[in-house]
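Here are the chains, one letter per residue:
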Amino acid sequence: MALQCGIVGLPNVGKSTLFNCLSHAKAQAANFPFCTIEPNVGVITVPDERLNRLAELVHPQRVVPTTVEIVDIAGLVKGAGRGEGLGNKFLANIRETDAILHVLRCFDDENIVHVDGRINPVKDKEIVDAELQIKDLETLEGRIHKVQKQAQTGGDKQARLTWETLLRYKEALEQGRNARSVHFETRDEQRIARELFLLTDKPVLYVCNVNEGDAVCGNRYVEAVRSALEGENAGILVVAAKTESEIAELETWAERQLFLAEAGLEESGVNRLIRSAYALLNLETFLTAGPQEVRAWTYPKGSKAPQCAGVIHTDFEKGFIRAEVIKYPDYLRYGSEAAVKEAGKMSVEGKDYVVQDGDIMHFRFNV
């Protein structure tokens, strides 16, 4: 499953620096707006210590982690919703992503200019939100126009429900709230909402870019962002992008760990960011382990065994018979698949088994 996250924000907030940390690509990072004209795409591996531990036991020919695509999208400015700056390109690129990583500048540095000449991450958030809301309102108004007559006079219950759902979104957006702040109770409402593909309904993680000294505890800018996010279904993460870029340049794991320790950090912000992106999309990982490869596979949380089998190959899902499941802690404890079986710790599960994060799976199928 290819997960794509778009990095967005105003110019000069640290988007390209963060992108470079994530992908080790070399997006141009310069002190002027629009230095990233075309979206840069980087493919990064998802850090998972479980793969390394299994590889030590299994000694496979290769280890294959799962990956995430990161898209560095050109900086947005006020008026993008009306096509100003790189607005149309920005909005087209962001529409294609699964989730949004919205970088907010939460640091002072007189050598790095701000597009509006002041540091105010809450205002920056509101500018980007407003431009996305303008496009969502355009989408809604078009749909409302199409369904309104049928909903009001045709006696069509489905059209009526669609119309009411559209109006709830429209009311929220006109109040300056994002679509993700609107909650629907019924499955039909939730289905209609999903099919709209609104920009402000995409899962979002606000990344507060701070100086190194604020990487652990944050600062007043971060606290202002936290307050602004109350009531909105969104995550927040504090990262020092400049520090992360220095970590990325270190060659060995030991050097990186020493750097983190000196900065008072337990792990890099990059690792935390990737895991947060996974959680944002409600994704988990199951594992396969054998002499040829130890591999991680991404699946939507709550998926059952046949659907996870289909992640590997569609034939596995079509001809699913059963799944042999080993819990990761049991594999570590007993040291091999054979020893786990001998201890009676491998379970055989059917079509209704809900796969758990870290399960080591072997699928039986017949096509």
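Residues numbered from 1 in each chain as written. Predicted model: local features only at pLDDT ≥ 70, side-chain atom pairs only at ≥ 80, totals over all residues. Heavy atoms only, no water.

J.: Even after reading the chapter, I still don't get the packing of helix α8 (residues 241-249) against helix α9 (residues 253-263), so can you show me in this structure?
T.: How two helices sit against one another is set out by the angle between their axes and by the gap between those axes. At a minimum axis distance of 9 Å, the contact between α8 and α9 shows a crossing angle of 155 degrees. Regarding the angle of α8 to α9, the classification is roughly antiparallel. Residues Thr 243, Glu 246 and Ile 247 of α8 pack against Arg 256, Phe 259 and Leu 260 of α9. When grouped by side-chain class, the residues that make up the contact of α8 with α9 number three nonpolar, one polar and two charged. (Axes fitted to C-alpha atoms, helices over the stretch in contact; angles between N-to-C directions. Helix = DSSP H or I, 4+ residues; strand = E, 2+ residues; numbered from the N terminus. Parallel < 35°, antiparallel > 145°, perpendicular 65-115°, else oblique. Contact = heavy atoms within 4.5 Å. Nonpolar A, V, L, I, M, F, W, Y, C, P; charged D, E, K, R; others polar.)

J.: Sorry if this is basic, but what is going on with the pattern of salt bridges here?
T.: Should the charged atoms of two oppositely charged side chains come close, the side chains can pair. Counted under the stated rule, the structure contains 17 salt bridges. Where Asp 129 meets Lys 125, a salt bridge forms, and the shortest distance between an N and an O atom there is 2.5 Å. Here the residue Asp 129 and the residue Lys 125 both occupy positions in helix α4 (residues 121-153), the gap between them amounting to four residues, near one helical turn. Accessibility assignment for this pair places Asp 129 and Lys 125 in one class, buried. The salt bridge involving Asp 352 is made with Lys 304; its shortest N-O contact spans 3.7 Å. Highlighted residues: Asp 352 in the loop between β11 (346-349) and β12 (360-365) and Lys 304 in the loop between β9 (293-300) and α11 (305-312), separated in sequence by 48 residues. (Salt bridge = Lys/Arg side-chain N within 4 Å of Asp/Glu carboxyl O. Buried < 20%, exposed > 50% of the residue type's maximum accessible area, 1.4 Å probe, protein only.)

J.: Just checking my understanding: could you explain the confidence of the model for the protein for this structure?
T.: Interpreting fine coordinate detail is not advised for predicted regions of low pLDDT. Within the protein, residue pLDDT values average 85, and 89% of them lie at 70 or more. Of all helices and strands in the protein, the one with the weakest mean pLDDT is helix α3 (residues 87-95) (71), whereas strand β10 (residues 320-326) scores best (97). (pLDDT = per-residue confidence, 0-100.)

J.: Just checking my understanding: could you explain the sheet that holds strand β6 (residues 204-209) for this structure?
T.: An order of β2-β4-β1-β5-β6-β7 is seen for the six strands of this open sheet, with the pairing classed as mixed. Edge positions in the open sheet fall to β2 (40-45) and β7 (235-239), since each of these has one partner strand only. Ignoring which end each strand starts from, the neighbouring axes of this sheet average 25 degrees apart. Summarising the sheet, strand β1 (residues 3-8) and strand β4 (residues 67-72) pair through five bridges and their orientation is parallel. Within β4, the position partnered with Ile 7 by the bridge is Asp 72. Contacts from α4 reach β5 (99-105) and β6 within the one sheet, and its direction differs from that of β5 by about 145 degrees. Strand contacts of helix α7 (residues 220-228): β5, β6 and β7, with the helix running at about 170 degrees to β7, the strand carrying the most contacts. (Pairing = 2+ DSSP bridges.)

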